[in-house]
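# Observations on chain architecture
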Amino acid sequence: MSIYFQNSYQRAFGTFPLQGDIARQAILAAAEAGYRAFDTAQMYGNQIETGEALKATGVAREDLCVTTKVDPENYAGSRFMASVDQSLRELQLDYVDVLLLHWPPRNGRIEPSVKQLLSAHDRGLAKHIGVSNYTIRMMHDAQSITDGLIITNQVEFHPLLNQDRLLAGADEAGIPLSSYCSVARGEVFKHPEFAVIGDAYGKNAAQVVLRWILQKGVSVNTMSTKPENIRANFDIMDFTLSSPDMARIGKLTQTNYRIVDRNLVPWAPDWD
């Protein structure tokens, strides 16, 4: 089982786009709420704040799951390992629990960067390795290159986007998915179904969305700067959505509202 789907690690606190004291305070609030998995990236520019805040929490290192991602700009040659070393310095860690490739390389040839990722794992700089924004074909290729060591593919995943094919392909590749944009950057709140369903469980709309994602077998990354929302986003393990409610929410995937497309990220791959 992927570390991303074990106990409290199913719910990670994402740090994009937080910076400075806002990032530090949000991470401290998340740790107080119970989060033990934290997600950052070289591209986010907040690894220093993340490292400072995690140290300030007083949570034992062995109880944390820290994920960071390598910027595609650092895939080439010696820049890869130098960037990972820099990430560790900024995070004040000897290793990260999970190291991801943030995007497929712009030339589409994944083997060199995946081999670099594997090398970082072999050097002990990352306990686990994974990818982000990979297509079905890329997931299979990455598993082949690493002999099955890829433990997650972090992708856009929420109830307004149909990711059934990607989810099935990930299952075939043996790579659990991890969600970002889990509430579609607030777009889900325009749909009253989530609040209506939440009323029956004593939960809010965001909690229903996050619970739906978990019950699809996908771990969640969420971000907020408000302590009350941070606590609520973590408090999603004491109820289970019924099959009819899961199906009702699932119908909304026909909306096919994708946030991260080539208009936003020009180098995004052709999604499966």
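For clarity, every value in this text was computed on a predicted model and none was experimentally measured.

What counts and how
- Residues numbered from 1 in each chain as written.
- Predicted model: local features only at pLDDT ≥ 70, side-chain atom pairs only at ≥ 80, totals over all residues.
- Heavy atoms only, no water.
- Salt bridge = Lys/Arg side-chain N within 4 Å of Asp/Glu carboxyl O.
- Helix = DSSP H or I, 4+ residues; strand = E, 2+ residues; numbered from the N terminus.
- Buried < 20%, exposed > 50% of the residue type's maximum accessible area, 1.4 Å probe, protein only.
- Core = buried A, V, L, I, M, F, W, Y, C linked by side-chain atoms within 4.5 Å.
- Pairing = 2+ DSSP bridges.
- Right-handed = clockwise from strand over helix to strand, strands pointing away.
- Axes fitted to C-alpha atoms, helices over the stretch in contact; angles between N-to-C directions.
- Parallel < 35°, antiparallel > 145°, perpendicular 65-115°, else oblique.
- Left-handed = near helix turned anticlockwise from the far one by under 90°.
- Contact = heavy atoms within 4.5 Å.
- Phe/Tyr/Trp six-rings, centres within 6.5 Å; stacked < 30°, edge-to-face > 60°.
- Lys NZ or Arg CZ within 6 Å of the ring centre and 35° of its normal.
- Polar contact = N/O pair within 3.5 Å; in protein donor to acceptor, adjacent residues only side chain to side chain.

### Examining the pattern of salt bridges
Scanning all chains against the criterion turns up 13 salt bridges. Asp85 is the salt-bridge partner of Arg123, the closest N and O atoms lying 4.0 Å from each other. Of the two residues, Arg123 sits in the loop between helix H4 (111-122) and strand E5 (126-132) while Asp85 sits in helix H3 (residues 79-91), which places them 38 residues apart along the sequence. The exposure class of Arg123 is partly exposed, given its relative accessible area of 46%. Taking relative accessible area as the criterion, Asp85 reaches 26% and is therefore assigned partly exposed.

### Some points on the nonpolar core
Ranked by size, the top nonpolar core spans 78 residues in total, and within it Phe13, Phe38, Phe80, Tyr134, Met139 and Leu177 carry the most contacts. The leading source of residues in this core is helix H8 (residues 205-215), at seven residues. Residues Tyr4, Tyr9, Ala12 and Ile151 belong to the second largest nonpolar core, which totals nine residues.

### Description of the pairing of strand E4 (residues 96-101)
Of all the six residues making up E4, six are buried; the element is thus mostly covered by neighbouring parts of the structure. Of the pairings in the sheet, the one linking strand E3 (residues 65-70) to E4 comprises four bridges and is parallel in character. By the bridge assignment, Thr68 is partnered in E4 with Leu99. Read from E3 through H3 to E4, the crossover connection turns out right-handed. By the bridge criterion, five bridges tie E4 to E5 in an arrangement that is parallel. Along E5, the bridge assignment pairs Val98 with His128.

### Observations regarding the packing of helix H1 (residues 20-33) against helix H9 (residues 227-234)
Running from N to C, H1 and H9 point in directions that differ by 40°, and their axes come no closer than 9 Å. In terms of their interaxial angle, H1 and H9 are classed as oblique. The element H1 and its partner H9 pack so that their crossing is right-handed. Only Ile230, Arg231 and Phe234 of H9 make contact with H1, whose side of the interface consists of Ala26, Ala29, Ala30 and Ala33.

### Concerning the sheet that holds strand E6 (residues 150-156)
Strands sit in the order E1-E2-E3-E4-E5-E6-E7-E8 around a closed barrel of eight strands; the barrel is parallel. Across the sheet, the axes of successive neighbouring strands diverge by a mean angle of 30°, strand direction being ignored. Running over the sheet, H8 touches strand E7 (177-180) and strand E8 (219-222) and is turned about 150° from E8.

### Here's the deal with the packing of aromatic side chains
Within the structure shown, the criterion is met by eight aromatic pairs. Through a chain of ring-to-ring contacts, three or more aromatic side chains come together here, namely Phe13, Tyr35, Phe38 and Phe234. Arg61 extends its terminal NZ or CZ atom over the ring of Tyr95, reaching a point 4.3 Å from the ring centre. The ring of Trp267 has Arg106 sitting right over it, with the charged end atom 4.1 Å from the ring centre.

### Quick look at H8
Counting buried positions along H8 yields ten of eleven residues, so the element is predominantly enclosed. Taken together, the buried positions of H8 are occupied by Ala205, Ala206, Gln207, Val208, Val209, Leu210, Arg211, Trp212, Ile213 and Leu214. Buried residues along H8 sit against E7, helix H7 (193-201), E8, H9 and helix H10 (243-250). The N-terminus of H8 is capped by Asn204, whose side-chain oxygen sits 3.1 Å from the backbone nitrogen of Ala206. Following H8 by one or two positions, Gly217 adopts a phi angle in the positive range, close to 90°.

### Some words on unusual backbone geometry
Cis rather than trans, the peptide bond between Phe16 and Pro17 has omega equal to 5°. The phi torsion at Asn133 lies on the positive side, around 65°, for a residue other than glycine. Along the chain, the position of Asn133 falls in the loop between E5 and helix H5 (136-146). The backbone of Asp147 shows a phi angle near 55°, a positive value even though the residue is not glycine. With respect to the helices and strands, the residue Asp147 is situated in the loop between H5 and E6.

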